[in-house]
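Take a look at the letters that make up each chain.
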There are 4 protein chains.
Amino acid sequence: MTGNSIGKSFTVTSFGESHGECIGVVVDGCPAGLKLSVSDIQREVDKRRPGAGPVSTRRAEEDRVEILSGIFSGRTTGAPVCMLVRNRDVDSGAYEKIKNLLRPAHADYTSRMKYGGYNDYRGGGRFSGRITAGFVMAGAVAQKLLGTMGVEILSHTVEIGGIAAGHSSLAKIRKSDVNPLRCADAAAAEKMMKTIEQARREGDSLGGIIEGMALKVPAGLGMPVFDTLEGDLAKALFAVPAVKGVEFGAGFGVARMRGSQNNDSFIMRNGKIQTATNNSGGILGGISNGMPITLRVAVKPTPSISRKQQTVNIGAMENAEIEVAGRHDACIVPRAVPVVTAMMAIVLCDHALRAQLIPEVIK
Amino acid sequence: MTGNSIGKSFTVTSFGESHGECIGVVVDGCPAGLKLSVSDIQREVDKRRPGAGPVSTRRAEEDRVEILSGIFSGRTTGAPVCMLVRNRDVDSGAYEKIKNLLRPAHADYTSRMKYGGYNDYRGGGRFSGRITAGFVMAGAVAQKLLGTMGVEILSHTVEIGGIAAGHSSLAKIRKSDVNPLRCADAAAAEKMMKTIEQARREGDSLGGIIEGMALKVPAGLGMPVFDTLEGDLAKALFAVPAVKGVEFGAGFGVARMRGSQNNDSFIMRNGKIQTATNNSGGILGGISNGMPITLRVAVKPTPSISRKQQTVNIGAMENAEIEVAGRHDACIVPRAVPVVTAMMAIVLCDHALRAQLIPEVIK
Amino acid sequence: MTGNSIGKSFTVTSFGESHGECIGVVVDGCPAGLKLSVSDIQREVDKRRPGAGPVSTRRAEEDRVEILSGIFSGRTTGAPVCMLVRNRDVDSGAYEKIKNLLRPAHADYTSRMKYGGYNDYRGGGRFSGRITAGFVMAGAVAQKLLGTMGVEILSHTVEIGGIAAGHSSLAKIRKSDVNPLRCADAAAAEKMMKTIEQARREGDSLGGIIEGMALKVPAGLGMPVFDTLEGDLAKALFAVPAVKGVEFGAGFGVARMRGSQNNDSFIMRNGKIQTATNNSGGILGGISNGMPITLRVAVKPTPSISRKQQTVNIGAMENAEIEVAGRHDACIVPRAVPVVTAMMAIVLCDHALRAQLIPEVIK
Amino acid sequence: MTGNSIGKSFTVTSFGESHGECIGVVVDGCPAGLKLSVSDIQREVDKRRPGAGPVSTRRAEEDRVEILSGIFSGRTTGAPVCMLVRNRDVDSGAYEKIKNLLRPAHADYTSRMKYGGYNDYRGGGRFSGRITAGFVMAGAVAQKLLGTMGVEILSHTVEIGGIAAGHSSLAKIRKSDVNPLRCADAAAAEKMMKTIEQARREGDSLGGIIEGMALKVPAGLGMPVFDTLEGDLAKALFAVPAVKGVEFGAGFGVARMRGSQNNDSFIMRNGKIQTATNNSGGILGGISNGMPITLRVAVKPTPSISRKQQTVNIGAMENAEIEVAGRHDACIVPRAVPVVTAMMAIVLCDHALRAQLIPEVIK
């Protein structure tokens, strides 16, 4: 039942449960000499904190980052970096009541089948969105490392509840956290907010789409034939709860394109080889081509809704109804935005190390 | 520059190039005692052979499977199974002429950047669709193993060039190889064929979508938080050249659904817990829930088109034009169908072994 | 710079430094349902505590075990188990003074070369014997799991400073912790103690040999050709600081034996196939044969001695002299005994899971 | 039942059986651009060919190396290199007769227990010394790579049947293949030869010790705390059939040394930091220190002896006698010498790549 580590040269191991002691992560493979402080990590963790307004959970998550190892005199030492946030403000009562009622679209049933009923079901345990706090801590380290190469990663909300954001400039995307929806298109964000508000009033929830981009990634990252950049990015992104689809560049749109439309022409630009368009999403043959890496992630509506739902009582093995109380986001999409950034950073950092584009000692 | 192995308990290692000696694969982790013959493998390999009609490449691929190890007295021994097909009918001349012209949407540029120009560029080398012959051989072993559990995997074409197939019964999908498009909807298949024919006449190519299904997969496969079933399936599928998107169940459609629509209700059916709908694609929390696993894969139009394209001559570092001659499929989608099946089988077999649902010795 | 995880199905990830926050470990792959309490772990950790008398370090290590994850209602959940002990009573001053003087036979020089001088040198950092507290915590979990199969692991001191223990019964070995030397031969233990005392008085240190045994290991553990039982045990044991040799069964003695002496005859005993002798140490072809697994580990004398030694000042790049103050064991061998047990348990547990001899859910 | 791959950045996957089609190996992770020809590999494979005289097996092994992939225009491409030698001159008859008689000290019993009787038992199958032909092919690639760094690996016989070789100069060790015993001390070699001859006449066999050395290995190889250089070297060496012990530097001798004797003083020599002695075998804290890496490997007497032995008939489950006919080495030690070199090369190459001391593209 292993499966809690990802990455070959930059290896992230996740531990912790929603209502246990803490959510934590061990990063093995970080080069020595990287300047790293608690505040570097805290800044990223704060981004996934519930925003103001109607968007997200009312659980007061004040995640204070602790670094337990791997840092000395303000720099990484080359030893594993263990980081965690403690769980506070935990109310497990609500879960106890519905212990035998399988919450639809949650992992209640599958985890029970897999772990013989021994899994920690409180607050979703290992399947809670809270585990992504660990991903974000690891991603913060990865982003600092990628920063030494000039790589920048940007994620933003491009669709919620059927409302699509219009095209935005990089400048606007960089500032997309000005609204709690992490959407660069302010007008669309306003509409999204209203739709979410309405869904919440109706005891319902909404899904959406997040776009991730990595800028200034050099050509040459990715290890065909199996450890392709798309494959490793997709695997990491599917570890984020609620993700049901991942596409690169033109994505599913390629199904309706002809080769002559989809093929990105190579052109000389400022003495460098680039492509005129970027339908490939910056990846050809599983290897980065120097253009921006672009991907889109489909996030399903939060499974926890207050409406009455049909389900099964697994204790009695009979049909039943369930109303999920507790504090839940009506739309998880905005909080998943920094997690998409983190997963991209983890994978790109792993591949940059594998391609020897980040040295083993940072000077 | 590793990256040519996939799977933890059922490990597939790929080797070989399009115009080298052979395409091969080593399967490590196959339990002992499985009845396995060359014809079991050959049957699957034949499925990716170019069909009749206008669909696919005219290169006469008569891939004859050789098993080099791991079989004794008609059964697997528990030792690694090495299999290969020799390359015949190879014409590398066409590639030599355009050696310095980067073929748009191909890996010419990225492989040159990564391997310093030492990669075998003939016929695409490691980036050729031919490497999937190895995937299919490994997938054939995986399918035989999964067969001992009753698991069945089905893949079929659901969209080409904008023409979508209608819903088909399982019976029809099982027989979808009656037409060279691997499409269960005969009427749609006919239209697809005409569209492909036209694209070919115009020196162009088409993309499409493949649906994969795994039936009778027991609940409990998948290893959260990183080795989720979605994550490992997606990673394997992105190893198939030309795949640019992977989605499960309702996929990108979840972005426009409310929780009350997307959540699959649990219901008792014949004494078993099932879900009323299957928007999750049979996977919750990264773990199979006993429902059919369903996924969709976006395949880009074949990059090799005979139309004149804009590109760069990397020798001269200047803009240039290219016309890609040689034998190419106008639509690779149908030939990718058995490869999708193979990748699904490899991943599900790996997870069945990890979950101890296949024993180490088959009796 | 990964390298801090070991095991494929029972994966142990180590973190922490001697004078940092803590020494910790994450165990991924522990089946669900195993009864596990802090006291199970504490009991093993206490065994590596400095004994009374002249043997070991005077640093007061009161290692109190904390479990941060993976346990719910007194049982493992199938999720990663993170455990740690805090560092207390830390005196880093002594190390600051000799920062540029390379301590002979320590990792000062190699770690500086590898980590560019960024490693945490205080108290040896990652190279301190203290990291083995983490190994012992993981080993305690492994021993509980192996206990469900009836496997018992025993380690004991068989030689120190040239004084060899005589052959002892299993009963005596089981009680070998009655003396602080972990030696089953009381008379030899007494002599060892005097020799150690004398070495300490002379500002010197002693090495020795530990024997490890695993009883009731079923036949079939081990994964040739590379993941042999000998290979994986040896690799794990060489992770224990100061180990310079590992041998199985007759070990280096085989060099002077003829085949007719060394070959263990098979015999029927109580209806079972066994071997008359056990020169193989219970392993043939890298796979356990059902006989006791026996191995011996050579432990070098503690590098830290108070005698004046010749060395180099790496700041000035010139020859220098060093006297290593601080609290050090004159003989580390007895404290390494529970660590040998732990490493054996970790490896055997990993292989028992890989061979499906431990189920994924313990009932 | 995986376990046939070793190495993280230079990954070697073994396949094939003694009396099957071939013995092969896939090397994944070899940088692109390395000049490599069949003759580079053949040269090393020839070294493990049976020598003249009474030493080794009379089976005429004319192992002709075939390279199936990964080479183009005389250089590696960065793609996996698959190599094999065909099995010829195979006589499986002798094995059929004794199929149910467990050969003492062989893997007959353990492989049958593990693989449920499905393993290929002919000629030892996967447990034959012949699999090391694959190791040697991979080792030849590794040696070429290490050669680009100036690293040289030397192995030689230092003891057979109780006869120890005297100390020899590096020059003599480099030429130790002048005698079929691979022993640098000609006088000792002569005595060894006579002893082997006598053992053979008496239907018996002899064991011995091989010393391996790696020269000019830079400081910094090795990945603590688990992927230590000692640990990874030992694991690789225990994959060689018949190895029962591995020690580094002073090895088991450390048990009788005091710290003041064993500690290697650091000294300045020609402006470089070195150690006055090399009891550490060139490894401190699991990391190379720039001194020669030295290790010793204990090889057990060939299990196959023609003398009558006591054993069990596993078909009848009763005691029985066995006489192993067939062609066997009376002493396998000399033929294992190039295999020790190969294993050392594989591990050092893996660690050199992990430490980024070999680039991903060789120019």
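Bear in mind the structure is a predicted one, so any value in this text is a computation, not a measurement. (Residues numbered from 1 in each chain as written. Chains lettered and ligands numbered in written order. Predicted model: local features only at pLDDT ≥ 70, side-chain atom pairs only at ≥ 80, totals over all residues. Heavy atoms only, no water.)

### Examining the overall build of chain A
Phase 1 of the analysis: A count of helical and extended segments in chain A gives 9 helices and 18 strands.
Phase 2 of the analysis: In terms of overall size, chain A behaves like a compact globule, its C-alpha atoms giving a radius of gyration of 21 Å where 363 residues would be expected to give roughly 21 Å.
Phase 3 of the analysis: If you line up chain A on its principal axes, its C-alpha atoms span 70 × 50 × 40 Å.
Phase 4 of the analysis: In chain A, the share of contacts with a sequence separation of at least 24, taken over all contacts with a separation of at least 6, comes to 71%.
Phase 5 of the analysis: In chain A, the 44 positive side-chain charges and the 35 negative ones have mean positions that sit 3 Å from each other. (Helix = DSSP H or I, 4+ residues; strand = E, 2+ residues; numbered from the N terminus. Rg over C-alpha atoms; globule rule 2.2 N^0.38 Å. Contact = heavy atoms within 4.5 Å. Lys, Arg positive; Asp, Glu negative; His and termini not counted. Charge placed at Lys NZ, Arg CZ, Asp CG, Glu CD.)

### Topic: the sheet that holds strand S7 (residues 81-86) of chain A
Residue and element names in this part refer to chain A.
Phase 1 of the analysis: Spatially, 5 strands are ordered S1-S2-S3-S7-S4 in an open sheet, and the strand pairing comes out antiparallel. The open sheet has two edge strands, strand S1 (5-6) and strand S4 (65-67), and neither has a second partner.
Phase 2 of the analysis: Pairing of strand S3 (residues 22-28) with S7 involves 6 bridges; the strand directions are antiparallel. Considered in S7, the bridge of Ile23 is made with Val85.
Phase 3 of the analysis: Sheet strands touched by helix H4 (residues 132-147): strand S2 (11-16), S3, S4 and S7. Its angle to S3, the strand with the most contacts, is close to 30°. (Pairing = 2+ DSSP bridges. Axes fitted to C-alpha atoms, helices over the stretch in contact; angles between N-to-C directions.)

### Structural notes on empty space enclosed by the protein
Phase 1 of the analysis: Summed over all chains, the structure comprises 17 cavities of 30 Å³ or more.
Phase 2 of the analysis: Counted as a void, the second largest cavity has a volume near 130 Å³.
Phase 3 of the analysis: When grouped by side-chain class, the residues that make up the lining of the second largest cavity number 7 nonpolar, 6 polar and 3 charged. (1 Å grid on protein atoms, 1.4 Å probe; cavity = no way out; pocket = protein on both sides within 12 Å on 5 of 7 lines; lining within 4 Å. Points joined across faces, edges and corners; volume = space filled by probe spheres on them. Nonpolar A, V, L, I, M, F, W, Y, C, P; charged D, E, K, R; others polar.)

### A word on the interface of chain C and chain D
Phase 1 of the analysis: Between chain C and chain D, the contact holds 106 residues from the first and 107 residues from the second.
Phase 2 of the analysis: One can count 12 salt bridges joining chain C with chain D.
Phase 3 of the analysis: The partner of Asp232 of chain C in a salt bridge is Lys235 of chain D, with the nearest N and O atoms 2.8 Å apart.
Phase 4 of the analysis: Our enumeration of links across chain C and chain D arrives at 43 residue pairs in polar contact (both at pLDDT 80 or more).
Phase 5 of the analysis: Here the side of chain C that touches chain D is built from residues that sort into 50 nonpolar, 36 polar and 20 charged. (Salt bridge = Lys/Arg side-chain N within 4 Å of Asp/Glu carboxyl O. Polar contact = N/O pair within 3.5 Å; in protein donor to acceptor, adjacent residues only side chain to side chain.)

### Quick word on the relation of the copies chain C and chain D
Phase 1 of the analysis: Aligned on chain D, chain C shows an RMSD of 0.0 Å; the corresponding rotation is 180° and the shift along the axis is 0.0 Å. Classification of the inter-copy transformation places it as that of a two-fold axis.
Phase 2 of the analysis: Of the residues that chain C buries at the interface, 100% are likewise interface residues in chain D, meaning the two copies contact each other through the same surface. (Least-squares fit on C-alpha atoms with pLDDT ≥ 70 in both.)

### Overview of the packing of aromatic side chains
Phase 1 of the analysis: Summed over all chains, the structure comprises 18 aromatic pairs over all chains.
Phase 2 of the analysis: Between Phe72 of chain A and Tyr121 of chain C, the ring centres sit 5.4 Å apart and the planes meet at 85°, which makes this aromatic pair edge-to-face. You can see Phe72 of chain A sitting in strand S5 (residues 71-72) and its partner Tyr121 of chain C sitting in the loop between helix H3 (108-115) and helix H4 (132-147), one on each of two chains.
Phase 3 of the analysis: The exposure class of Phe72 of chain A is buried, given its relative accessible area of 15%. (Phe/Tyr/Trp six-rings, centres within 6.5 Å; stacked < 30°, edge-to-face > 60°. Buried < 20%, exposed > 50% of the residue type's maximum accessible area, 1.4 Å probe, protein only.)

### Points about the interface of chain A and chain B
Phase 1 of the analysis: Residue-level contacts link 106 residues of chain A with 107 residues of chain B.
Phase 2 of the analysis: If you look at where chain A meets chain B, you find 12 salt bridges.
Phase 3 of the analysis: The closest approach of N and O atoms between Arg258 of chain B and Asp204 of chain A, which form a salt bridge, is 3.8 Å.
Phase 4 of the analysis: Inspection of the chain A/chain B interface yields 43 residue pairs in polar contact (both at pLDDT 80 or more).
Phase 5 of the analysis: Here the residues of the side of chain A that touches chain B sort into 50 nonpolar, 36 polar and 20 charged.
Phase 6 of the analysis: Taken together, the 3 bridges between strand S11 (residues 243-248) of chain A and strand S11 (residues 243-248) of chain B define a ladder with antiparallel strand orientation. By the bridge assignment, Glu247 of chain A is partnered in S11 of chain B with Gly245 of chain B.

### Observations regarding the sheet that holds strand S1 (residues 5-6) of chain D
All names here are of chain D.
Phase 1 of the analysis: One open sheet holds the 5 strands; their spatial order is S1-S2-S3-S7-S4, and the pairing between them is antiparallel. The open sheet has two edge strands with one neighbour each: S1 and strand S4 (65-67).
Phase 2 of the analysis: Note that S4 and strand S7 (residues 81-86) share 3 bridges and pair antiparallel. Bridge pairing in S7 links Val65 to Val85.

### Description of the pairing of strand S8 (residues 152-160) of chain D
For a regular strand, side chains alternate in direction, first toward one face of the sheet and then toward the other.
Residues and elements named next belong to chain D.
Phase 1 of the analysis: Most of S8 sits out of view: 8 of its 9 residues are buried.
Phase 2 of the analysis: Two strands pair when backbone bridges link them, and S8 and strand S10 (residues 208-215) are joined in this way by 8 bridges, in the antiparallel orientation. Its bridge partner lying in S10, Ile160 is registered against Gly208.
Phase 3 of the analysis: In this sheet, strand S9 (residues 163-164) lies alongside S8 in antiparallel orientation, the contact comprising 2 bridges. Note on S9: the bridge partner recorded for Glu159 is Ala164.
Phase 4 of the analysis: Between S8 and S9, which pair antiparallel one after the other, the connecting turn spans 2 residues, and Gly161 there sits at a positive phi close to 55°.

### As for the confidence of the model for chain A
Phase 1 of the analysis: Confidence in the prediction for chain A averages 94 pLDDT; 95% of positions are at 70 or higher.
Phase 2 of the analysis: Here the predicted complex scores 0.97 on pTM and 0.97 on ipTM. (pLDDT = per-residue confidence, 0-100.)

### Describing the pattern of salt bridges
Phase 1 of the analysis: One pass over the full model with this rule turns up 89 salt bridges over all chains.
Phase 2 of the analysis: Between Arg48 of chain A and Asp63 of chain A there is a salt bridge, with its nearest N and O atoms 3.6 Å apart. With Arg48 of chain A in the loop between helix H1 (38-47) and S4 and Asp63 of chain A in the loop between H1 and S4, this residue pair connects regions lying 15 residues apart in the sequence. The pair formed by Arg48 of chain A and Asp63 of chain A is uniform in burial state, with each residue classed as buried.
Phase 3 of the analysis: Beyond isolated ion pairs, a larger network of salt bridges with shared partners links Lys8, Asp227, Asp232 and Arg354 of chain A together with Lys235 of chain B.

### So, helix H9 (residues 333-354) of chain A
All names here are of chain A.
Phase 1 of the analysis: Over its 22 residues, H9 runs 31 Å from end to end, which matches the ideal 32 Å to within 8%, given 1.5 Å per residue.
Phase 2 of the analysis: The buried count for H9 comes to 22 of 22 residues, which makes it a mostly enclosed element.
Phase 3 of the analysis: Residue Gln356 follows H9 closely and has a positive phi angle near 60°. (Expected span 1.5 Å × (residues − 1).)

### Comments concerning the environment of Phe72 of chain C
Phase 1 of the analysis: Each C-alpha atom of the pair Phe72 of chain C and Leu36 of chain C lies 9.4 Å from the other, and the pair is 36 residues apart in sequence.
Phase 2 of the analysis: Setting aside anything within four residues of it in sequence, one finds Phe72 of chain C in contact with Tyr118, Asn119, Asp120, Tyr121 and Arg122 of chain A together with Thr77 of chain C.

### Remarks on the pairing of strand S12 (residues 266-269) of chain A
All names here are of chain A.
Phase 1 of the analysis: Pairing geometry for S12 and strand S13 (residues 272-275), over 4 bridges, is antiparallel. From the neighbouring strand, Arg269 faces S13, where its bridge partner is Lys272.
Phase 2 of the analysis: Linking S12 back to S13 in an antiparallel pair, the connection comprises 2 residues, with Asn270 at a positive phi of about 55°.

### Some points on the side chain of Asn87 of chain D
Phase 1 of the analysis: Checked against the element boundaries, Asn87 of chain D lands in the loop between S7 and helix H2 (93-97).
Phase 2 of the analysis: In this structure the side chain of Asn87 of chain D is engaged in a polar contact, spanning 2.9 Å, whose partner is the backbone oxygen of Gly20 of chain D.

### What about the packing of helix H7 (residues 229-237) of chain C against helix H7 (residues 229-237) of chain D?
Phase 1 of the analysis: Where H7 of chain C meets H7 of chain D, the closest approach of the two axes is 8 Å, and the angle between their N-to-C directions is 170°. Considering the angle they form, H7 of chain C stands roughly antiparallel to H7 of chain D. Seen from H7 of chain C, the contacting residues are Gly231, Asp232, Ala234 and Lys235 of chain C; seen from H7 of chain D, they are Gly231, Asp232, Ala234 and Lys235 of chain D.
Phase 2 of the analysis: A breakdown of the residues in the contact of H7 of chain C with H7 of chain D according to their chemical character gives 2 nonpolar, 2 polar and 4 charged. (Parallel < 35°, antiparallel > 145°, perpendicular 65-115°, else oblique.)

### Examining unusual backbone geometry
Phase 1 of the analysis: Cis geometry marks the peptide bond from Pro224 of chain B to Val225 of chain B, where omega comes out at 5°.
Phase 2 of the analysis: Tracing the sequence through the fold places Val225 of chain B in the loop between strand S10 (208-215) and helix H7 (229-237).
Phase 3 of the analysis: Positive phi, normally seen in glycine, also occurs at Ser73 of chain C, with a value near 55°.
Phase 4 of the analysis: Its place among the elements puts Ser73 of chain C in the loop between strand S5 (71-72) and strand S6 (75-76).
Phase 5 of the analysis: In this structure Ser73 of chain C comes out as exposed when scored by relative accessible area, which is 66%.
Phase 6 of the analysis: Even without being glycine, Ala242 of chain C reaches a positive phi, approximately 90°.
Phase 7 of the analysis: By secondary structure assignment, the location of Ala242 of chain C is in the loop between H7 and strand S11 (243-248).

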